[in-house]
Structures are given as C-alpha cells and as structure tokens.
Amino acid sequence: MAYEWDFGVVLAQWPLFLKGLGGTLLIAAISIGLGVILGAIIATGRMSRLAWLRIPAGIYVDFYRNTPGIVHFFWFYYALPIVADIRMGPLEAAVLALTTQSASFYCEVFRGAILSLPKGQWEGGAAIGMTRFQTLRRVILPQAALRMVGPFIERTFELIKTTSLASTLAYGELLYSATQISAQTYRPMEVYTVVALIYFCLLFTFSLLARRVERRLTHV
Amino acid sequence: MKNHILKVEGLTKSFGTNQVLKGIDLDIAPGERIAIIGGSGSGKSTFLRCLNFMETLTTGAIYLDGTRIGRVVGKDGDKESVVYSPRTLCDVRKRVGMVFQQFNLFPHMSVLQNVMEGLVTVLGKSKGEARQIAEAELTKVALHEKLDAFPSQLSGGQQQRVAIARAIAMSPEILLFDEPTSSLDPELVGEVLRTINTLGEEGRTMLLVTHELGFAYRFATRVLFLYDGKIHEQGTAEEIFKNPQSERTRAFIARSSEFSL
C-alpha cells in the first residue's frame, strides 16, 4: 500500500515553521559573530611564541575537534547548573555551545590560511624592518583573507546545520518546531521533508551568495 | 686603522645538532663589495642570513658601526646568553637590507606599493614622500614604466629588480644579496647583475652570495670562499680566481667554471 502524502495539514502550521526558522537564524547569526571573534583570539594564541598562550589554545581546539557537538549543548544546559550552579535558558546555552565550538573551527580556518603563506612573505616584511605585527597586518592577512573565504563558508554551513542540535534543549528553532508540528499532525514524514526543504533553500541561497562573494574577492 | 661598518666575531650557527657555521670572523669596511662563494652546504647563505638576523646566531657577536647587536644578559660557561629584542632586530634590518633568491615581493601590492611599503610603515614617511622616493628607485632599476603592475605580471628579472628597489629605498648602509639570480632563467640573469653592478659603482657596501663566478670576479673587491662552515680562503678577486692558495679553492673554481665559454 502506497503512503498517502498529505502536506496540507502540515503546511497549515506555517507560522510555527516560520518561528522555528527565525530561531535558527537568530542563534546561527549570534554564534557566527561571536565564534569569529573568539576564533580569531584563539588563533592568535595558537600561533603565539608564548607557550602559556599556545598550549591552552591547542588544547581548546583539540577538545572541540574530538568531542561530538551535542555533548557541548548538554554540558552548557544540564551540567553547568549542577557543577557550577550556573543556570541559563536554552537560547544562552545553545549560543554558548555553538559559539565555543565554532570558535575552534574558525580558529583553524584562520590559522590554516595564515600558515599556508610561504615563509618568504614574513621574511620579505622583516627584511625591510617591519615588526611581526606589521607584517601580519600589511602582508600576511590581506593575502590570507582570500584563502580563508572557501573554508570559512564551509564551516559556516556546518554551523548552521549544527543549530538543529539546539532542539534537544527545547530551544525553539526549526527542528524543535518540526517535533511539535509532528506531534500535532501525526505527519512526521511530511514535516521532516518540509524541514529539509527549508534548510536546503536557506543554505542553497547562502551558497549562491557566497559563491558570488568568493568570485568577487578572488578576482580583484 | 680601518673603520669597520660591520664586524663579525666567532659566529657559529647550528640547526639542532647540525652545526652549519663553525666560527666565522669578518671585518667589513664601508664601500666594500664582498662576494661569497662556495659549494652547496658550505653555509654561505646561512652566513648571509645571520647578518640581518633572518637566522639567530648560536654563538658569536655582530657589531654594526662599532655597537654590538643584542644585549648580553649572562654567561653560561663559555657561551654568552644574548637577548635580541624585536625592536633591535627591526632597527638592524632597516640598516642592513636584503634581497632574496625568491624575491619575496608582496603579490597583493603593485610594484609601486611594494617599494613604498617600508617607507610608509617602517620609516613613517608620508605617502607623497614615499611615492617620490619609490619612483626614483624604480627609475634607477629601469622599471618606472611598471609602477602599477603587479608582481605576477612581471618577469623574474623584473621582479628581482623591484625587490632591489624595495631594499635600496630604505637607504640601508649595507645590502645583502642572497643568490639573487639563482631562480632566474639564464637570459634574465644579466639585467639583474647589471643593476647590482650599478649599485656597486655608487660605493655601496654590499655582500653577495652567488654562483655567478664571472660576475663575482668583476664585481667584488673581496672574495670569500666558504667551505664546511668556515672562511676557507679569502682575498681579492684576482687572488682567489687567478691564484688560489688552497687546493680546495682551486678545485671549486675549476669545477664551477668547467663549462663556461
């Protein structure tokens, strides 16, 4: 017997989908912004000559690289109140989990691009008397920025998809809306198909934009 | 007594357990043009790179205009511990310019910007003044028509001449050339050597690591033959090339000029 698809009852719940989409975009935007800042700071630490900056930054990145994302969500939401008596709402916990983990990924994006430049560029700056910082700012970063664009976009897409983990904290993003609609309509197949389509449209639009930005930047 | 602009004392350099330079002493007088020759692995490039601290010395001292570079903070047996602050090294590099084998131009900047960069960022000159100086130096290396070109649009020889302009724009007291023609196609070597020769005629103090023995012979006021991390033999170009004292020097020169015309 063929399954009878019925999107009507599901699509009637569009305000709830929209609300979920809003929640997804909100935590994604905050986490990208904060993650980039924190990632830049950690990248600076990882590339520092000072061991007391370099080693903790390395441990940080290794920690996030080698543990599953959902664990970070649980930690901020469920464990922190118990071990440190710090309580926060689902939004704050989700943003913290996403920000701290995306910071470690962005850190590697920045660091990878900077390290990919030949040593001769640093020496070219040093040979005319530039400090390391001047060389970084004037010579290295303008070139590294172009090499960051691709991996940066890649990471940002991962981050946007990872926001779905926030549903486990009952934070009202897209997937959480889907669970609710599914419970009301008993139409999980339709609901998750719609969710997939929304994610696809969102990310596909972003990727078209990103491709355009990338092309413009690399053709200067 | 000659006044020395640069003096090297007991310089050694090791990479890990591999000692590349095994004790080099050298006095350089203003206006000297020194060619450094030697086989690969003799340490000639490493030696040159120590002079502007692209490599840090393992032991030994370098004096610029009679002042020791770095601050001796203590002694560990025979070995001095010396601190080289970033500021000291920047100051030294302003006075001791370097031209690299691989040019190391900044690919995201135009020819003019490459030459202006140090003038503005390091010497704090105004854009206008920097531009004037940069244009003058680029005219000197015959590239005034390429001001707005980017390095990737230039031939290797042109790129190296931009790199030379970038170095001399800083008005260094000493210029170091690290195999400046080794990565060039043979037909482009001449234009770079001519440029270097012109600078020599201006009375600049220069050290040149090179495999172009013919050029070294005509250009240098003094030739150092490095072997196994030491100055094996030194003298005027005439002495080293026409009448080397050591068998090893003689063999190196014979081998290097085996197929020359």
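Model, not experiment: these values are computed from the prediction.

Asker: Looking at this structure, how should I read the overall build of chain B?
Answerer: A count of helical and extended segments in chain B gives nine helices and twelve strands. Relative to the globule expectation of 18 Å for 261 residues, the C-alpha radius of gyration of chain B, 19 Å, shows essentially globular dimensions. Split into buried and exposed, the 261 residues of chain B put 52% on the buried side. The contacts of chain B with a sequence gap of at least 6 include a subset with a gap of at least 24, amounting to 64%. Across chain B, 31 positive and 31 negative side-chain charges occur, with their mean positions spaced 3 Å apart.

Asker: Help me out: how do you make sense of the side chain of Thr163(A) in this one?
Answerer: All names here are of chain A. Structurally, the position occupied by Thr163 is in the loop between α7 (132-162) and α8 (174-185). A relative accessible area of 0% places Thr163 in the buried class. Of note is the side chain of Thr163, whose polar atom sits 2.4 Å from the backbone oxygen of Ile160. If we ignore the near neighbours within four places in the chain, the residues touching Thr163 are Thr24, Ile27, Ala28, Leu98, Glu173 and Tyr199.

Asker: Please explain the interface of chain A and chain B as it appears in this structure.
Answerer: It is common to give the size of an interface as the accessible area lost on bringing the parts into contact. At the interface, 17 residues of chain A touch 21 residues of chain B. Between chain A and chain B we count two salt bridges in total. Notably, a salt bridge pairs Arg49(B) with Glu123(A), separated by 2.6 Å at the nearest N-O pair. Along the contact surface separating chain A from chain B lie six residue pairs in polar contact (both at pLDDT 80 or more).

Asker: I tried to follow the pattern of salt bridges on my own but got confused; where do I start?
Answerer: A side chain of one charge can pair with a side chain of the opposite charge if their charged atoms are brought near each other. Per the counting criterion, the structure on display carries 25 salt bridges over all chains. With a closest N to O distance of 3.0 Å, Glu55(B) and Arg49(B) form a salt bridge. You can call Glu55(B) buried: its relative accessible area is 14%. Its relative accessible area of 10% is what places Arg49(B) among the buried residues. For Arg68(B), the salt bridge identified is with Glu80(B), shortest N-O distance 2.9 Å. Here the residue Arg68(B) occupies a position in strand β5 (residues 67-68), and Glu80(B) occupies one in strand β7 (residues 79-83), the gap between them amounting to twelve residues. Three or more residues are tied together by salt bridges with common partners; here these are Arg46(A), Asp62(A), Arg65(A), Glu108(A) and Arg111(A).

Asker: I keep staring at the sheet that holds strand β1 (residues 6-15) of chain B and nothing clicks. Help me out?
Answerer: Working definition: the strands of a sheet are paired by backbone hydrogen bonds and lie parallel or antiparallel to each other. Residues and elements named next belong to chain B. The sheet built from four strands is open, its strands ordered β2-β1-β4-β5 with antiparallel pairing. Bordering the open sheet on either side are β2 (18-28) and β5, each of which pairs with just one other strand. The pairing of β1 with strand β4 (residues 59-64) spans five bridges and is antiparallel. Bridged to Thr12 within β4 is Thr59. Running at roughly 120° to β1, helix α1 (residues 44-51) makes contact with β1, β2 and β4 of the sheet.

Asker: Quick question: what am I supposed to make of the side chain of Gln101(A) here?
Answerer: Residue and element names in this part refer to chain A. Tracing the sequence through the fold places Gln101 in helix α5 (residues 90-115). Among the residues examined, Gln101 registers a relative accessible area of 7% and is labelled buried. Non-local contacts of Gln101, meaning those with residues more than four positions away in its chain, are made with Tyr60, Tyr64, Gly69, His72, Phe73 and Thr162.

Asker: Explain the environment of Thr56(B) to me, please; I cannot follow it from the model alone.
Answerer: Here Thr56(B) is to be found in the loop between α1 and β4. As a C-alpha pair, Thr56(B) and Ser155(B) span 99 residues in sequence and 33 Å in three-dimensional space.

Asker: What exactly am I supposed to notice about the UniProt feature "domain: ABC transporter" (unreviewed entry) in chain B here?
Answerer: Under the UniProt annotation, the feature "domain: ABC transporter" (unreviewed entry) is placed at residues 6-253 of chain B. The straight-line gap between the two end C-alpha atoms of residues 6-253 of chain B is 27 Å; of that span, 38% is helix and 29% is strand.

Asker: How should unusual backbone geometry be read in this particular structure?
Answerer: Residue and element names in this part refer to chain B. Of note, Asp65 is a non-glycine position whose phi angle comes to about 55°, a positive value. With respect to the element layout, Asp65 can be found in the loop between β4 and β5. Of the residues examined, Asp65 reaches a relative accessible area of 47% and is grouped as partly exposed. Positive phi, normally seen in glycine, also occurs at Phe103, with a value near 65°. Along the polypeptide, Phe103 turns up in the loop between β8 (96-99) and α3 (111-121). Exposure remark for Phe103: the relative accessible area of 10% places this residue in the buried category.

Asker: When you look at the environment of Tyr64(A) in this model, what are you seeing that I'm missing?
Answerer: Residues and elements named next belong to chain A. By the secondary structure assignment, Tyr64 is in helix α3 (residues 51-65). On a C-alpha basis, the gap between Tyr64 and Thr100 in space is 8.1 Å, while along the polypeptide they are 36 residues apart. Not counting residues up to four positions away in its chain, the partners in contact with Tyr64 are His72, Phe76, Thr100, Gln101, Ser104 and Phe105. Side-chain polar atoms of Tyr64 contact the side chain of Thr100, separated by 2.9 Å.

What counts as what
- The numbers attached to residues start from 1 for each chain and follow its sequence in the written order.
- Key to labels: chains lettered from A, ligands numbered from 1, both in the order written.
- A pLDDT threshold of at least 70 governs which residues receive local features in this predicted model, and a stricter bar of 80 or more applies before side-chain atom pairs are shown or counted, although totals over entire chains, interfaces and linings include all residues.
- The basis for the side-chain values is all heavy atoms of the structure; hydrogens and waters are excluded.
- Where helices and strands are cited, they refer to DSSP runs of H or I of at least four residues and of E of at least two residues respectively, numbered from the N terminus.
- Our radius of gyration is a C-alpha quantity, and the globule rule it is checked against amounts to 2.2 Å times the number of residues to the power 0.38.
- Burial status follows relative accessibility: with a 1.4 Å probe on protein chains alone, a residue under 20% of its type maximum counts as buried, one over 50% as exposed, and anything between as partly exposed.
- Contacts were defined at the residue level, with two residues in contact if any of their heavy atoms lie within 4.5 Å.
- The charge count includes Lys and Arg as positive and Asp and Glu as negative, but it does not include His or the ends of the chains.
- One atom stands in for each charge, and that atom is NZ of Lys, CZ of Arg, CG of Asp or CD of Glu.
- In the analysis that follows, any N or O atom pair within 3.5 Å is treated as a polar contact, provided that within protein one partner can donate a hydrogen and the other can accept it, and provided that, for residues neighboring in sequence, both atoms belong to side chains.
- By definition, a salt bridge exists where a carboxyl oxygen of Asp or Glu is found within 4 Å of a side-chain nitrogen of Lys or Arg.
- Strand pairing follows a simple DSSP-based rule, namely that at least 2 bridges must link the two strands.
- Interaxial angles span 0 to 180 degrees and are taken between N-to-C directions of axes, which are lines fitted to C-alpha atoms, for helices over the stretch in contact.
- UniProt positions are given in the numbering used here, feature names are shortened, and annotations may be inferred rather than shown by experiment.

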